[in-house]
There are 2 protein chains.
Amino acid sequence: MSLKHAALGLLSRGPASGYDLLQTFHGSLASVWPATQSQLYGELGKLAEAKLVEVVSEGARGRKEYALTPAGLAELRHWLTEVEPTTVRRSDMLLRVFFLNVVEPEDAQEFLRRRSEQSVTYHNELLSIQERISGEAGPLTEYGRLTLEWGLRYTTMQREWADWALDQLAAKPQTETETETQAETETQVATRA
Amino acid sequence: MSLKHAALGLLSRGPASGYDLLQTFHGSLASVWPATQSQLYGELGKLAEAKLVEVVSEGARGRKEYALTPAGLAELRHWLTEVEPTTVRRSDMLLRVFFLNVVEPEDAQEFLRRRSEQSVTYHNELLSIQERISGEAGPLTEYGRLTLEWGLRYTTMQREWADWALDQLAAKPQTETETETQAETETQVATRA
DNA sequence: ACAGGCATGTAAGTTGTTACATGATTAT
DNA sequence: ATAATCATGTAACAACTTACATGCCTGT
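Residues numbered from 1 in each chain as written. Chains lettered and ligands numbered in written order. Predicted model: local features only at pLDDT ≥ 70, side-chain atom pairs only at ≥ 80, totals over all residues. Heavy atoms only, no water.

K.L.:
Got a minute to help me understand the overall build of chain A in this structure?
P.N.:
When helices and strands are counted, chain A shows eight helices and three strands. Helices (α) and strands (β) of chain A occur, in sequence order from the N terminus, as α-β-α-α-β-β-α-α-α-α-α. For chain A, with 193 residues in total, the buried portion stands at 45%. A separation of at least 24 residues holds for 54% of the contacts in chain A among residues at least 6 apart in sequence. Split by element, the accessible area of chain A, about 9700 Å² in all, is 52% carbon and sulfur. (Helix = DSSP H or I, 4+ residues; strand = E, 2+ residues; numbered from the N terminus. Buried < 20%, exposed > 50% of the residue type's maximum accessible area, 1.4 Å probe, protein only. Contact = heavy atoms within 4.5 Å. Areas by Shrake-Rupley, 256 points an atom, 1.4 Å probe, with all protein chains shown as cover.)

K.L.:
It is not clear to me how the interface of chain A and chain B should be interpreted in this structure. Could you clarify?
P.N.:
Where interface size is quoted, it is often the accessible area lost as the parts come together. Taken together, the contacts link 79 residues of chain A with 80 residues of chain B. Approximately 8600 Å² of surface area, both sides summed, lies buried where chain A meets chain B, with 64% of it carried by carbon and sulfur atoms. Seen at the junction of chain A and chain B, the total is four salt bridges. Our count for the contact surface shared by chain A and chain B stands at 26 residue pairs in polar contact (both at pLDDT 80 or more). Looking at the side of chain A that touches chain B, the elements with two or more residues in it are α1 (2–11), α4 (70–82), α5 (92–98), α6 (105–133), α7 (139–171) and α8 (182–192) of chain A. Top contributing element to the side of chain A that touches chain B by residue count: α7(A), with 19 residues. Class assignment of the residues belonging to the side of chain A that touches chain B gives a composition of 38 nonpolar, 22 polar and 19 charged. (Buried area = accessible area lost by both parts, 1.4 Å probe. Salt bridge = Lys/Arg side-chain N within 4 Å of Asp/Glu carboxyl O. Polar contact = N/O pair within 3.5 Å; in protein donor to acceptor, adjacent residues only side chain to side chain. Nonpolar A, V, L, I, M, F, W, Y, C, P; charged D, E, K, R; others polar.)

K.L.:
What is the right way to look at the relation of the copies chain A and chain B in this model?
P.N.:
You can overlay chain A on chain B at an RMSD of 0.0 Å; the transform is a turn of 180° with a shift of 0.0 Å along its axis. As the rotation angle and translation indicate, the two copies are arranged about a two-fold axis. Both copies contact each other with a shared surface, as 100% of the interface residues of chain A are interface residues in chain B too. (Least-squares fit on C-alpha atoms with pLDDT ≥ 70 in both.)

K.L.:
In this structure, what is going on with the side chain of Ser17(A)? I would like to understand it.
P.N.:
Looking at the element boundaries, Ser17(A) is found in strand β1 (residues 16–17). There is a polar contact of 3.3 Å between the side chain of Ser17(A) and the side chain of Arg63(A).

K.L.:
Is there a simple way to think about the sheet that holds strand β3 (residues 64–68) of chain A in this case?
P.N.:
Backbone hydrogen bonds hold the strands of a sheet together, and the pairing may be parallel or antiparallel. Residue and element names in this part refer to chain A. Strand order in the open sheet made by the three strands is β1-β3-β2, with antiparallel pairing throughout. The two strands at the open ends of the sheet, each matched to only one other strand, are β1 and β2 (53–58). As paired elements, β1 and β3 share two bridges and run antiparallel to each other. Across the sheet, the residue bridging to Ser17 is Glu65, located in β3. (Pairing = 2+ DSSP bridges.)

K.L.:
How should I be thinking about a negative patch on the surface in this particular structure?
P.N.:
A cluster of like negative charges, contributed by Glu82(A), Glu104(B), Glu106(B) and Asp107(B), occupies part of the molecular surface. With respect to the element layout, Glu82(A) can be found in helix α4. Owing to a relative accessible area of 58%, Glu82(A) belongs among the exposed residues under this scheme. (Patch = residues over 30% accessible without salt bridge, like charges linked within 9 Å, V, L, I, M, F, W, Y side chains within 5 Å. Lys, Arg positive; Asp, Glu negative; His and termini not counted. Charge placed at Lys NZ, Arg CZ, Asp CG, Glu CD.)

K.L.:
Can you help me understand the packing of aromatic side chains in this one?
P.N.:
The description of an aromatic ring pair uses the distance of the two centres, along with the angle that the planes make with each other. If you walk through the whole model with that rule in mind, you get seven aromatic pairs over all chains. An angle of 65° between the planes, with centres 6.1 Å apart, marks the rings of Phe98(B) and Phe99(B) as edge-to-face. Judged by its relative accessible area of 8%, Phe98(B) is buried. Of the aromatic side chains, those joined through ring pairs into one cluster are Trp150(A), Tyr154(A), Trp150(B) and Tyr154(B). In this structure, Arg115(A) is placed above the aromatic ring of Phe111(A), and the distance from its NZ or CZ to the ring centre is 4.7 Å. Sitting over the face of the ring of Trp33(A), Arg90(B) holds its NZ or CZ atom 5.5 Å from the ring centroid. (Phe/Tyr/Trp six-rings, centres within 6.5 Å; stacked < 30°, edge-to-face > 60°. Lys NZ or Arg CZ within 6 Å of the ring centre and 35° of its normal.)

K.L.:
Would you take a moment to explain the protein's contact with DNA strand D for this structure?
P.N.:
Inspection of the region around DNA strand D gives 19 residues, with Tyr19(A), Gln37(A), Tyr41(A), Lys64(A) and Met1(B) positioned closest. Of all DNA strand D atoms lying within 4 Å of any protein atom, the proportion belonging to sugar or phosphate reaches 69%. Tyr19(A) has a polar side-chain atom sitting 2.5 Å from a phosphate oxygen of DNA strand D. Residue Lys64(A) places a side-chain N or O atom 2.6 Å away from a phosphate oxygen belonging to DNA strand D. Mapped onto the surface near DNA strand D, the elements with two or more residues apiece are α2 (18–26) and α3 (37–49) of chain A together with α3 (37–49) of chain B. Counting residues per element, the surface near DNA strand D draws most heavily on α3(A), at three residues. When its residues are assigned to classes, the surface near DNA strand D shows six nonpolar, eight polar and five charged. (Near = heavy atom within 4 Å.)

K.L.:
Is there a simple way to think about the environment of Ala6(B) in this case?
P.N.:
Of note, Ala6(B) is situated in helix α1 (residues 2–11). In this structure Ala6(B) comes out as buried when scored by relative accessible area, which is 0%. Each C-alpha atom of the pair Ala6(B) and Leu76(B) lies 8.9 Å from the other, and the pair is 70 residues apart in sequence. Once you skip the residues sitting within four places of it in the chain, Ala6(B) turns out to touch Leu95(A), Phe99(A), Phe25(B) and Trp33(B).

K.L.:
Just checking my understanding: could you explain the packing of α2(A) against α3(A) for this structure?
P.N.:
Think of two packed helices as two axes; the pair is described by the angle between the axes and how far apart they sit. Residue and element names in this part refer to chain A. Between α2 and α3, the shortest axis-to-axis distance is 10 Å and the interhelical angle comes to 130°. The angle between the axes of α2 and α3 places the two elements in the oblique class. By crossing handedness, the relation of α2 to α3 is classed as right-handed. Here Gly18, Tyr19, Leu21, Leu22 and Phe25 of α2 lie close against α3, whose contacting residues are Gln37, Leu40, Tyr41 and Leu44. In terms of residue class, the contact of α2 with α3 is built from seven nonpolar, two polar and no charged. (Axes fitted to C-alpha atoms, helices over the stretch in contact; angles between N-to-C directions. Parallel < 35°, antiparallel > 145°, perpendicular 65-115°, else oblique. Left-handed = near helix turned anticlockwise from the far one by under 90°.)

K.L.:
Sorry, what's going on with the protein's contact with DNA strand C here?
P.N.:
Residues in contact with DNA strand C amount to 19 residues; listed here are only the nearest, Met1(A), Gln39(A), Tyr19(B), Gln37(B) and Lys64(B). At the protein interface, 68% of the atoms of DNA strand C within 4 Å belong to sugar or phosphate. Arg61(B) is positioned such that a nitrogen or oxygen atom in its side chain is 3.2 Å from a sugar or linking oxygen of DNA strand C. Take Arg90(B): an N or O atom from its side chain is 3.4 Å from a phosphate oxygen of DNA strand C. Of all the secondary structure elements, the ones that give two or more residues to the surface near DNA strand C are α3 of chain A together with α2 (18–26) and α3 of chain B. In terms of residue class, the surface near DNA strand C is built from five nonpolar, eight polar and six charged.

Below you can see the structure in the form of structure tokens.
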């Protein structure tokens, strides 16, 4: 249900068209709540029908400018303060870690090394974004800075974790690849169930 | 596409029924890649049709035991080593932070305080899980421990971030709520675009 | 007898992705 | 002219959620 609230949130900053909002979804919201064009136009239609937003003007090329209605603002505030954020987060990265015993130890190490490198890369990208917006003031970017800091801390954490995990693997190097012998694997599962 | 690989991964530990796998999805995989019963049975059907798994025995109450085929193991290894994990992660928590200027500063603070508390709670849950499995040996849980450590570091990071963010808000306490005056908000957006 | 756990399946609805399709306006 | 950008819409499909539906087996 959050694309809805992302759209309401962006419109709380002032009227905008679907096309305008899309730039933001591909820009500053890209790593928080990305959306496709197809999805957004559909959602704006539903929001208009529900009277949470309304078309305030129609411009060239069929451009429709939407604005938040009082009901929309109320819904946004309700969501912000009274609806608990989701806690569970799917991660296909961690899912892979779960099954890393299926591949050769060298491949597992390679996997973790790439996670470490990738975290550094992404961290640096965030740093350059931070540098770019450091000059811009304004209370609207105020809270945006908090999400950026979250990203910086997240990528740092992940790099440290990946490096730590590599150490762990190095500490016990003689664990041979599992599932080489299916029979043995089965009994191990039995004891865990 | 990852429910597929989660199922293949679990079956790499030995044959199991849909019901068996479901316990794991609700248990140790619950915070990494949860799945519902409905979804899982459907997926197992598809995997069987694609010859990545096969029914190896049928037991009481219509129980069907599935096992990984060689093709299934190959697909699992391919996914583990050659397919890049997804980097973007939707977070309705961070999405809320983005729009926190819409509510009163006290509500924003309350929001962050709850994130801090929740991180502590979840961290402690992970600690008790860690304590519970600390006795159990076996290379199968080896990599599972890495995901647990990730969770511990993640919850620590989030608590520290939330506390830091609260400090930031305290540092500049006189920022009044935005969107009180729509007109003003609009001009601010214009300068950002 | 009956409660609780075992075991599977289907249907309806929402959300999200990719691709197709169309056309207007602006700047070079 | 024509390329880039502006601007919206639709169709098909995949992934996920909630609810409905059924029935068997085991222990008390």
